[in-house]
Amino acid sequence: AKRAGRSTFADYDASLNQMERTRRDLELDMRTAITEGQFRLVYQPQINLRTGAWAGKEALVRWEHPTRGAILPGEFIDIAEETGLIIPLGEWIIRQAIHEAVTWEEPHRIAINLSPIQMRNPNLVGVLTSAIINAQIDPQRVEIEITESALMQDSESNVEMLHRLRELGVRIALDDFGTGYSSLNYLRAFPFDKIKIDRCFVSEMLDRSDCQAIVRNVVMLARALGMETTAEGVETQEQYDWLKRHGCTEAQGYYISRPLESSRASEPSRDPSQW
Ligand code: C2E
Ligand code: CA
Ligand code: CA
Ligand code: CA
């Protein structure tokens, strides 16, 4: 009879192999998915807490896989990054997001996530420039979101890239703030337009005094530095009201709206306090 220890290890081994296979399959499929139009973007509104109007929308990528169905970015972005496919995919995302944003009824800002790999691509400035010129969009309507981890890797040339992007006239937001290391150094390294406070603080801020202290002080710090703040992952009216009372600039999350199809994203803004 097999010993339990061995069979456990064999199971573990088999599931590792299964993961490896899935990964390789996804990588192969991704190579054709862009040209076959399997990716699409959804847009999540960001509401101005002072006025209650939608201020911008964040583009979030979705993969409509022909056999696996809808796949969320958490399952394929890191594969795209490891294989370099994030470069053509990211280029498609930039063009598509800007292209769709100019069809919206209201000229809301369009926020686009950039991977650290894209930041190291010397073509990035050219891609953004041509997308902006082709769509004839005001560059101030375009907001680039980069994460702390993007800055952590090779921060000097990344900060240089941020300055080149800024010269195009686009806005720059620091995403997932508070989840990386030595966050405060990044605030000194570049004058961001906006800090996005990570969902992990926002979702716990009414139950945990430490999270609440962090959110309150990030809002104050940002204001002192002349930066706006967006709270991510706002799911309840209590969180919304607290953020509004404490001077956070914008909120984003299921309480305001789930991510929407582009056609629905052009609908007029709704203030949740008026529902
Ligand atoms: P992120 O940039 O922090 O985006 C916010 C994520 O939180 C989105 O997940 C959004 O659907 C989800 N979310 C929004 N509001 C709520 C809420 O109230 N509660 C909860 N529980 N979740 C909420 P999504 O679309 O699955 O994206 C996950 C991550 O994948 C993003 O995190 C971003 O890092 C990455 N990603 C998404 N789209 C792109 C893209 O176009 N390019 C790149 N490079 N990365 C992307
Ligand atoms: Ca983001
Ligand atoms: Ca985020
Ligand atoms: Ca996040």
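Before reading further, recall that the structure is shown in the block above.
Heads up: these notes are all about the structure in this document. (Residues numbered from 1 in each chain as written. Chains lettered and ligands numbered in written order. Predicted model: local features only at pLDDT ≥ 70, side-chain atom pairs only at ≥ 80, totals over all residues. Heavy atoms only, no water.)

Another aspect to go through is the packing of aromatic side chains. On inspection of all chains with the given rule, the structure shows six aromatic pairs. Each ring, one from Phe39 and one from Phe76, has its centre 5.6 Å from the other, and the planes form 55 degrees; the classification is tilted. Placement of Phe39 in strand β1 (residues 39–48) and of Phe76 in helix α2 (residues 73–83) is noted, with a sequence separation of 37 residues between them. You can call Phe76 buried: its relative accessible area is 0%. (Phe/Tyr/Trp six-rings, centres within 6.5 Å; stacked < 30°, edge-to-face > 60°. Helix = DSSP H or I, 4+ residues; strand = E, 2+ residues; numbered from the N terminus. Buried < 20%, exposed > 50% of the residue type's maximum accessible area, 1.4 Å probe, protein only.)

Before going further, it helps to examine the state of the cysteines. Using the criterion set out here, one finds zero disulfides in the structure. Cys200 carries a free sulfur, and the closest cysteine sulfur to it, the one in Cys211, is 6.8 Å from it. Assessed through its relative accessible area of 37%, Cys200 is described here as partly exposed. Left unpaired, Cys248 is separated from the closest cysteine sulfur, that of Cys200, by 14 Å. A relative accessible area of 5% places Cys248 in the buried class. (Disulfide = S-S within 2.5 Å.)

This next bit is on helix α5 (residues 124–135). Given a rise of 1.5 Å per residue, 12 residues ought to cover 16 Å, and the 17 Å separating the end C-alpha atoms of α5 matches this to within 8%. Of all the positions in α5, only Leu124, Val125, Val127, Leu128, Ala131, Ile132 and Ala135 are classed as buried. What you see down the axis of α5 is that its buried residues fit within an arc of 165 degrees, all on one side. Turned more than 90 degrees off the buried face of α5, the exposed positions are Ile133 and Asn134. The secondary structure elements touched by the buried residues of α5 are α3 (86–101), α4 (116–119), β5 (142–147) and α7 (155–167). At the C-terminal side of α5, Gln136 shows a positive phi close to 50 degrees. (Expected span 1.5 Å × (residues − 1). Arc of directions from axis to C-beta. Contact = heavy atoms within 4.5 Å.)

The analysis is restricted to geometry; functional conclusions fall outside its scope.
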